[in-house]
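What the coordinates show
Below are the chains, spelled out letter by letter.
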2 protein chains.
Amino acid sequence: MANRQIVLDQHPQGPLSPEHFRLTEVERPCPGDGEVLLKARYFSVDAGMRARMQGGTYLAPLTPGQVIPGVGLAEVVESRAAVLRPGDLVIAPMGWQEYAALPAEGVSRPPSLTPETHLLSVFGVPGLTAYFGMLECGQPNPGETVVVSAAAGAVGSIVSQIAKLKGCRVVGVAGGPDKVAWLTGELGLDAAVDYKSPEFMGQLAAAVPKGIDLYFDNVGGEVFEACLAQMGSLGRIVCCGSVSQYDRDAPGPGPRGVPRLFVTKQLTMRGFVVYAFEDRYAEALAELQAWVASGKIKVQEEVIDGLENLPKALVSVLRGKSRGKWMVRV
Amino acid sequence: MANRQIVLDQHPQGPLSPEHFRLTEVERPCPGDGEVLLKARYFSVDAGMRARMQGGTYLAPLTPGQVIPGVGLAEVVESRAAVLRPGDLVIAPMGWQEYAALPAEGVSRPPSLTPETHLLSVFGVPGLTAYFGMLECGQPNPGETVVVSAAAGAVGSIVSQIAKLKGCRVVGVAGGPDKVAWLTGELGLDAAVDYKSPEFMGQLAAAVPKGIDLYFDNVGGEVFEACLAQMGSLGRIVCCGSVSQYDRDAPGPGPRGVPRLFVTKQLTMRGFVVYAFEDRYAEALAELQAWVASGKIKVQEEVIDGLENLPKALVSVLRGKSRGKWMVRV
């Protein structure tokens, strides 16, 4: 029986496009002892996947012909492991394909929360990343000025709302007037600034008259540099991602002012990965669930249909076309 | 009566040279009410003074004709303030001149420690900077791999020795074979690497086989970038200065890998200024004094004679010619 896959056709030189991928069809795999056969339902579309094509992340770089590694929400259709039964839902490193046979210990059971798309957004890696990134790494205090870059993104939109919940003055940075309007309108941020505008630097400065106490960085590059210049004394920076640097052959130079301004402004910066907080996911999910249920956190998702549309969706996310969490339904 | 001064003649474009300064002679000032007339004994020669000619530090930029602001060890020769008497020693923002009239509250009494040159090195700002930078910001643990840049400098040489005292494996980065030999020989570091060598990257990697736990940065730029690449997971960086960026019109781009590697390696970085620890200087001085007395910290100083030699001395320090603390005796 058939199993459609999307593989890397060639390494991108410069910006990624759908031509760097290829759709193939192989035999559906058979699970071995201790393995489960999984059928994909939804794939998460993550800008960070592009970074893996450069190498230099904490994961091995991709090679042409390889199935694109991607995480999905999947259903167990056949089990040769005692812990999982047909019909069980799992979050699994499926790769971009309809079916995968994986060791049962390599997949995880999502929490029993609905709708199931939320398992890839607010109740999944983006939500947990936002939760621990803002609360544990950021330690926001009421009244502080918080700036969030990629504020309309899967992580940034939740980060921004958590900071609002904690009583901060929250300024979002995003690309384009639509996102900016959405951030101050729908999400209720105190201000939002368009980094694509020629007036960006001045608008950012005007939005943070007392300086930035906490900058939550999802992008690196020029927006990082602009925010660094606006940091207040003793400010903190949380590093969560560098999406501005992913869609290119290799990362560019670092932001001007590093490390000089860290000294003069006595800044602290901390990078994190969500997996460091794995033993506390349950506590985070309970709180996130309550916030979503009470409407304190609004969840923005976009579901695109068809495995074959994964490359196009990833390219759109990299070009900054997405708002909230994008996923593909198989 | 005369008062010789060194003033800025013209703003340096590119590397600083003695021609950017001018020696002038003015009338010796008279102290007003609450002021003291000070006679300079020693001037501290600090690479950071070049940064002030760029602007963009926490102090105002210099303008041509202005006396070069510099800190010195001085003697009170006339007092119109109750708290100070002729003959008292003070640390004061003298500016590069033989005499200055300053408000008594703008100067500070140094601790009663000898020799008096140590008041500008190990018992002064460099020593206190090293102490709080390494112990408070760095939090070194026995067995950790610590890398110190500008390790042969006024701050770096003390930082390195404190890290050794705390049981760390200490690797110094410095320019040239003489400094490297001095670091491993005289100062007893575990290894030292010459950043001017074409083999620098490989030698650094070889010197830190387990990765860097703590990087104490005095330089920024390419050495920062090289060390960032060698940071271990959960590593810490302390930012103390950016001497590689001072002797130019404007700071260059930041180190490659910022902020991307902060995420993947879960790094923390903290910049500091020593003045943040002012209320704890006494405690630090007591410990530094004991370490110096017992020979656990070796103090390296170079004293150059003559006010007129200050510009040349500063240029030498900026070119990396100094070892330990340089000062000028007036």
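Residues numbered from 1 in each chain as written. Chains lettered and ligands numbered in written order. Predicted model: local features only at pLDDT ≥ 70, side-chain atom pairs only at ≥ 80, totals over all residues. Heavy atoms only, no water.

1. Considering the overall build of chain A
Check the secondary structure of chain A and you find nine helices and 14 strands. The principal-axis extent of the C-alpha atoms belonging to chain A is close to 60 × 45 × 35 Å. The proportion of buried residues among the 330 residues of chain A is 58%. Across chain A, contacts joining residues at least 24 apart in sequence account for 67% of those joining residues at least 6 apart. With the model as given, the accessible surface of chain A reaches about 13,200 Å², and the carbon-plus-sulfur share is 51%. Considering chain A, the positive charge centre built from 31 side chains and the negative charge centre built from 34 side chains are found 5 Å apart. (Helix = DSSP H or I, 4+ residues; strand = E, 2+ residues; numbered from the N terminus. Buried < 20%, exposed > 50% of the residue type's maximum accessible area, 1.4 Å probe, protein only. Contact = heavy atoms within 4.5 Å. Areas by Shrake-Rupley, 256 points an atom, 1.4 Å probe, with all protein chains shown as cover. Lys, Arg positive; Asp, Glu negative; His and termini not counted. Charge placed at Lys NZ, Arg CZ, Asp CG, Glu CD.)

2. Comments concerning the interface of chain B and chain A
Contact residues are listed per partner, giving 32 residues for chain B and 32 residues for chain A. A combined buried area of about 2,700 Å² lies between chain B and chain A, and 64% of that area is made up of carbon and sulfur atoms. Taken together, chain B and chain A are joined by zero salt bridges. The interface formed by chain B and chain A contains eight residue pairs in polar contact (both at pLDDT 80 or more). (Buried area = accessible area lost by both parts, 1.4 Å probe. Salt bridge = Lys/Arg side-chain N within 4 Å of Asp/Glu carboxyl O. Polar contact = N/O pair within 3.5 Å; in protein donor to acceptor, adjacent residues only side chain to side chain.)

3. Side note on the packing of helix α2 (residues 125-138) of chain A against helix α3 (residues 156-165) of chain A
Residue and element names in this part refer to chain A. Contact geometry for α2 and α3: axes closest at 8 Å, N-to-C directions at 45°. On the basis of their axis angle, the class for α2 and α3 is oblique. Crossing of α2 over α3 shows right-handed handedness. Contacts from Gly-127, Ala-130, Tyr-131, Met-134 and Leu-135 in α2 reach Ile-158, Val-159, Ile-162 and Ala-163 in α3. Looking at the contact of α2 with α3, its residues break down into eight nonpolar, one polar and no charged. (Axes fitted to C-alpha atoms, helices over the stretch in contact; angles between N-to-C directions. Parallel < 35°, antiparallel > 145°, perpendicular 65-115°, else oblique. Left-handed = near helix turned anticlockwise from the far one by under 90°. Nonpolar A, V, L, I, M, F, W, Y, C, P; charged D, E, K, R; others polar.)

4. Points about the sheet that holds strand β11 (residues 231-239) of chain B
One open sheet accounts for twelve strands, arranged β9(A)-β8(A)-β7(A)-β10(A)-β11(A)-β12(A)-β12(B)-β11(B)-β10(B)-β7(B)-β8(B)-β9(B); its pairing is mixed. Only two strands of the sheet have a single partner each, and these edge strands are β9 (191-194) of chain A together with β9 (191-194) of chain B. Within the sheet, the average angular offset between the axes of one strand and its neighbour, ignoring direction, is 15°. In terms of strand pairing, strand β7 (residues 145-149) of chain A meets strand β8 (residues 169-174) of chain A through five bridges, oriented parallel. Bridging across to β8 of chain A, Val-146 of chain A finds its partner in Val-170 of chain A. Sheet contacts for α3 of chain A: β7, β8 and β10 (212-217) of chain A; angle to β7 of chain A, the most-contacted strand, approximately 170°. Most of the contacts of helix α3 (residues 156-165) of chain B go to strand β7 (residues 145-149) of chain B, to which it runs at about 170°, and overall it touches β7, β8 (169-174) and β10 (212-217) of chain B. (Pairing = 2+ DSSP bridges.)

5. What to know about the pattern of salt bridges
All names here are of chain A. What the rule picks out here adds up to 29 salt bridges over all chains. Asp-305 serves as the salt-bridge partner of Arg-329, at 2.9 Å between the closest nitrogen and oxygen. Residue Arg-329 is found in strand β14 (residues 325-329), and its partner Asp-305 is found in strand β13 (residues 301-305); the two are separated by 24 residues along the sequence. With relative accessibility at 34%, the residue Arg-329 sits in the partly exposed group. According to the relative accessible area criterion, Asp-305 is partly exposed, its value standing at 45%. Salt bridges sharing common partners tie together Arg-4, Glu-98 and Glu-308.

6. What about the packing of aromatic side chains?
Following the criterion strictly, the structure yields 16 aromatic pairs over all chains and no others. Centroid distance Phe-272 of chain A to Phe-277 of chain A: 6.4 Å. Interplanar angle 65°. Geometry classified as edge-to-face. Exposure remark for Phe-272 of chain A: the relative accessible area of 3% places this residue in the buried category. Since its relative accessible area comes to 8%, Phe-277 of chain A is described here as buried. With a centroid separation of 6.1 Å and an interplanar angle of 40°, the aromatic rings of Tyr-131 of chain B and Trp-291 of chain B are classed as tilted. Here the residue Tyr-131 of chain B occupies a position in helix α2 (residues 125-138), and Trp-291 of chain B occupies one in helix α8 (residues 281-293), the gap between them amounting to 160 residues. In this structure, Tyr-131 of chain B and Trp-291 of chain B share a single accessibility class: buried. Connected via pairs of aromatic rings, a cluster forms that spans Tyr-131, Phe-132, Phe-216, Phe-272, Phe-277, Tyr-281 and Trp-291 of chain A. We note Arg-28 of chain A situated over the ring of Tyr-99 of chain A; from NZ or CZ to the ring centre the distance is 3.8 Å. (Phe/Tyr/Trp six-rings, centres within 6.5 Å; stacked < 30°, edge-to-face > 60°. Lys NZ or Arg CZ within 6 Å of the ring centre and 35° of its normal.)

7. Considerations on the relation of the copies chain B and chain A
Overlaying chain B with chain A gives an RMSD of 0.0 Å, the required rotation being 180° about an axis along which the chain moves by 0.0 Å. The operation mapping one copy onto its partner corresponds to a two-fold rotation axis. Closest approach to the rotation axis within chain B is made by the C-alpha atom of Gly-254 of chain B, at a distance of 2.0 Å. With an isologous cut-off of 70% or more, the 100% of interface residues of chain B that recur at the interface of chain A puts this contact in the isologous class. (Least-squares fit on C-alpha atoms with pLDDT ≥ 70 in both.)

8. A short note on the domain arrangement of chain A
All names here are of chain A. The domain boundaries assigned to chain A delineate domain 1 (2-120 + 300-329) and domain 2 (125-275). On the domain 2 side, the residues contacting the 21 residues of domain 1 number 19 residues. Surface buried jointly by domain 1 and domain 2 totals about 1,400 Å² across both partners, of which 51% is contributed by carbon and sulfur atoms. Our enumeration of links across domain 1 and domain 2 arrives at two salt bridges. In this structure, Arg-319 and Asp-247 form a salt bridge, with 4.0 Å as the shortest nitrogen-oxygen distance. Inspection of the region where domain 1 meets domain 2 yields eight residue pairs in polar contact (both at pLDDT 80 or more). (Domains from an automatic or database assignment.)

9. A look at the state of the cysteines
All names here are of chain A. Scanning the entire structure with this criterion turns up zero disulfides over all chains. Looking at the unpaired Cys-168, the closest cysteine sulfur is the one in Cys-137, lying at 15 Å. Cys-240 forms no disulfide, and the closest cysteine sulfur to it belongs to Cys-137, at a distance of 8.7 Å. By relative accessible area, which is 14% here, Cys-240 ends up buried. (Disulfide = S-S within 2.5 Å.)

10. With respect to helix α9 (residues 310-318) of chain A
An α-helical turn contains 3.6 residues, so any two residues separated by three or four positions project in the same direction. Among the nine residues in α9 of chain A, eight count as buried, and that is most of the element. Of the residues trailing α9 of chain A, Gly-320 of chain A is marked for its positive phi of about 80°.

11. Quick look at the pairing of strand β5 (residues 89-92) of chain A
Residues and elements named next belong to chain A. Every second residue of β5 is oriented toward a common face, with Leu-89 and Ile-91 on one face and Val-90 and Ala-92 on the other, all of them buried. Across four bridges, strand β4 (residues 72-79) lies against β5 in antiparallel orientation. Paired with Leu-73 across the strands is Ile-91, a residue of β5.

12. A few points about the environment of Ala-150 of chain B
Residue and element names in this part refer to chain B. Looking at the secondary structure, you find Ala-150 in the loop between β7 and α3. Between the alpha carbons of Ala-150 and Phe-216 there is a distance of 9.3 Å; along the sequence they are 66 residues apart. When neighbours within four sequence positions are excluded, Ala-150 is seen to be in contact with Gly-156, Val-173, Asn-218 and Val-219.

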